[in-house]
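# Analysis of the macromolecular model
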Amino acid sequence: MIIRSSDKVLVQGITGRQGTFWTERMQEYGTNVVAGVNPKKAGTIHCGVPVTASAVEAMEQVGFDYSVLFIPPMLVKGAALDAIEAGAKGVCILTEHIPVRDVMYIMSAAKERGVQILGPNTAGCVTPDEGFLGFMPAFNSKIFKKGHIGILSRSGSLGTLFCLNVVSAGFGQSAFIGIGGDPIIGTTARDALMALDQLPQTKAIVMVGEIGGTMEEEAAQYAASMAKPVIAFIAGGAAPAGKKMGHAGAIVVGNKGTYKSKRDALEAAGVSVLDTPAGAVDVLRERLDGIA
Amino acid sequence: MNFAEHAAKPLLREVGIATPEGHLATNPEHAAEIAQTLGPCVVKAQVPTGKRGKAGGIKLVDGADAAATAARDIIGMEIAGHTVDTVLIEQQVAIKAEYYAAVLTNAISKGALMLFSTEGGMDIEEVAANTPEKLLQLEIDINHGAAIADVRQMLSLAELGEAEPEIAQTLCRLYEVFTRYDAELVEVNPLVVTRDDQIIALDCKFSMDDSAIARQPEIAASGSGEKLSQLEVRGVELGLKYIELDGDVGIIANGAGLTMTTMDVVSFYGGRPANFLEIGGDAYTKAKPALELVLSNPSVKSLVVNFCGAFARCDVMTQGIIDAWLELKPEIPVFFSIHGTGDVEAVAMLKQRMDMEPFSDMDSASKAAVEAARQ
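Residues numbered from 1 in each chain as written. Chains lettered and ligands numbered in written order. Predicted model: local features only at pLDDT ≥ 70, side-chain atom pairs only at ≥ 80, totals over all residues. Heavy atoms only, no water.

## Re the packing of aromatic side chains
Residue and element names in this part refer to chain A.
- Tallied over the full model, the rule gives 13 aromatic pairs over all chains.
- With a centroid separation of 5.8 Å and an interplanar angle of 75°, the aromatic rings of Tyr-29 and Phe-132 are classed as edge-to-face. With Tyr-29 in helix α1 (residues 17–29) and Phe-132 in strand β9 (residues 131–134), this residue pair connects regions lying 103 residues apart in the sequence. Phe-132 matches Tyr-29 in its accessibility class, with the two residues each being buried.
- Following the ring pairs from residue to residue traces out a cluster consisting of Phe-21, Trp-22, Tyr-29, Phe-132, Phe-135 and Phe-139.
- Geometry around Phe-21 places Arg-25 over its ring, the cationic atom sitting 4.5 Å from the centre. (Phe/Tyr/Trp six-rings, centres within 6.5 Å; stacked < 30°, edge-to-face > 60°. Helix = DSSP H or I, 4+ residues; strand = E, 2+ residues; numbered from the N terminus. Buried < 20%, exposed > 50% of the residue type's maximum accessible area, 1.4 Å probe, protein only. Lys NZ or Arg CZ within 6 Å of the ring centre and 35° of its normal.)

## Description of the packing of helix α11 (residues 314–328) of chain B against helix α12 (residues 343–354) of chain B
Residue and element names in this part refer to chain B.
- Contact pair α11 / α12: the axes reach a minimum separation of 8 Å and the direction vectors enclose 15°. It follows from the interaxial angle that α11 and α12 lie roughly parallel. Considering only the axes of α11 and α12, their crossing is right-handed. Counted together, Cys-314, Asp-315, Thr-318, Gln-319, Ile-322, Asp-323, Trp-325 and Leu-326 of α11 and Asp-343, Glu-345, Ala-346, Met-349, Leu-350, Arg-353 and Met-354 of α12 form the full contact between these two elements.
- Split by residue class, the contact of α11 with α12 holds eight nonpolar, two polar and five charged. (Axes fitted to C-alpha atoms, helices over the stretch in contact; angles between N-to-C directions. Parallel < 35°, antiparallel > 145°, perpendicular 65-115°, else oblique. Left-handed = near helix turned anticlockwise from the far one by under 90°. Contact = heavy atoms within 4.5 Å. Nonpolar A, V, L, I, M, F, W, Y, C, P; charged D, E, K, R; others polar.)

## Brief notes about unusual backbone geometry
- Of the consecutive residues A:Gly119 and A:Pro120, the connecting peptide bond is found in the cis state with omega at 10°.
- Turning to its location among the elements, A:Pro120 is positioned in the loop between β7 (116–118) and β8 (124–127).
- Cis geometry marks the peptide bond from B:Asn189 to B:Pro190; its omega dihedral reads 5°.
- On the secondary structure map, B:Pro190 appears in strand β11 (residues 183–194).
- Although it is not a glycine, B:Ala80 adopts a positive phi angle of roughly 45°.
- Residue placement: B:Ala80 occurs in the loop between β5 (78–79) and β6 (82–83).
- Classification of B:Ala80 as exposed rests on a relative accessible area of 60%.

Put into structure tokens, the structure is as follows:
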């Protein structure tokens, strides 16, 4: 999901404390927020935009491209299905601790309607100087600056660290995509890598992954076909084993999902894998030598 | 949240999957009484983990005395960190065929996955690794559910003969358990066909999605909570994500990804983390109780504080740490790395109140903490 200044954005849960605070930040940054949803406050104005009873109603009244949800876990399924039914191009789900069964319903409906889902459990996405969705510090000029490095991250805090390192070294971002830390997510590492690769202004990509699942291994398959350099960091190499991944879950993934499996797959695809985050800038300079 | 076998089996019976007749016992005398009424039976350790058989926690017995002896052996046993305090005593069944069946969440298809194998009773990971063709798989879209026709098509490769329609029905019921009770995994190994052609689940493993516990309070009450150390229990009470580890370098950072990475960096420089503790999200105002918690582990010899503020503000987090530090006056060295939202204020505060400068990045702060812990 790459957000543009021309994209119309709906905020579901706009009247809550977090919804209000981050809607104001998004608006200040230039994100084109056109409406908000809260069934109990339909017909009012909040953060300078109309509040409707549903995403379907917002689509009829003002139209929108993307919806971002500031909604508590047990209510996300209803809100996301509403946005999907309304015909959103994409839905950004920030909430953590949504029951997996609800997430599966959302993913199934999104697939049927061809709707992109970002998250759940993501900090959002940023396109410097254009707009952002979620709660990333896009407005902090030490962390985000328009440039040529695409960054994707499962974790918001670690993604922020890499954005900061990139900017303090004199680079900037083409876009940042937070894909989220849940086991089932709509936009995978591979999807985000492809989206960043296809942006003409992207010259190199930093991928920030984590142990568990097979997403980095899948992304490695795509990375092998790319001309642009990819640099990766995988968090959790020192995490103790025994986080219960479900006995049968381990069957399907075989020995994938470990730090070693991810690192091997990425290196075989020509990706530079960092030992620690501090190495990012030197490797970026080296890999971009003669390109940027 | 994992469930012990005796807590998982009622969920199967709820949807019409049969299980052997059995009862729980917590002492040998009671085990003997139960065995008296059941005839030849099996005595099984009730702990929420697999590989109980390999650990000696499952015994076939005939008669009350044998059941009492088995119960005496098994009760008190340690299996994968769990102490056995209860055994399940079940009637033996005459087995004609043994199968493996499971339904679980699948990140790749973003839906449910049904698994079936004719290699029942075996270690299924070995089956998957050595003879993957014997592990049949069916992806299920939750909006369409488990269609009997699709299940039978999957099973056609297993050549089950006359039992096939009823096994297909049982798998659909297993899928019902999966959705109705918010499972991450429900597994029956073995699922057996008896000599008189009944289909019975001899064992059951059930793991509930932790995010669904709040809406399944009655079912979740019979699950086995995670085993926590005293400090971890304190962390839960404080609303902090704290995991106690066996090293000596204490860690406080914001956000799960950054905290995990701080552990990685400490390990990369040859150190051993004493804990995982993140104060991101709404917990970023809890820096003070967080520091108290980390310091109450007597193994901690040095501390890394690594903040990269986005939503969480560095000034608020740093202020909490400084307040607690000046109050507790710990005698261990501390190493800071502070960047992002509110960093200028935080760095000034650190200089003014503790006369300290943060390190330029987390690598140098972590490295210094590792060296200090060695001394």
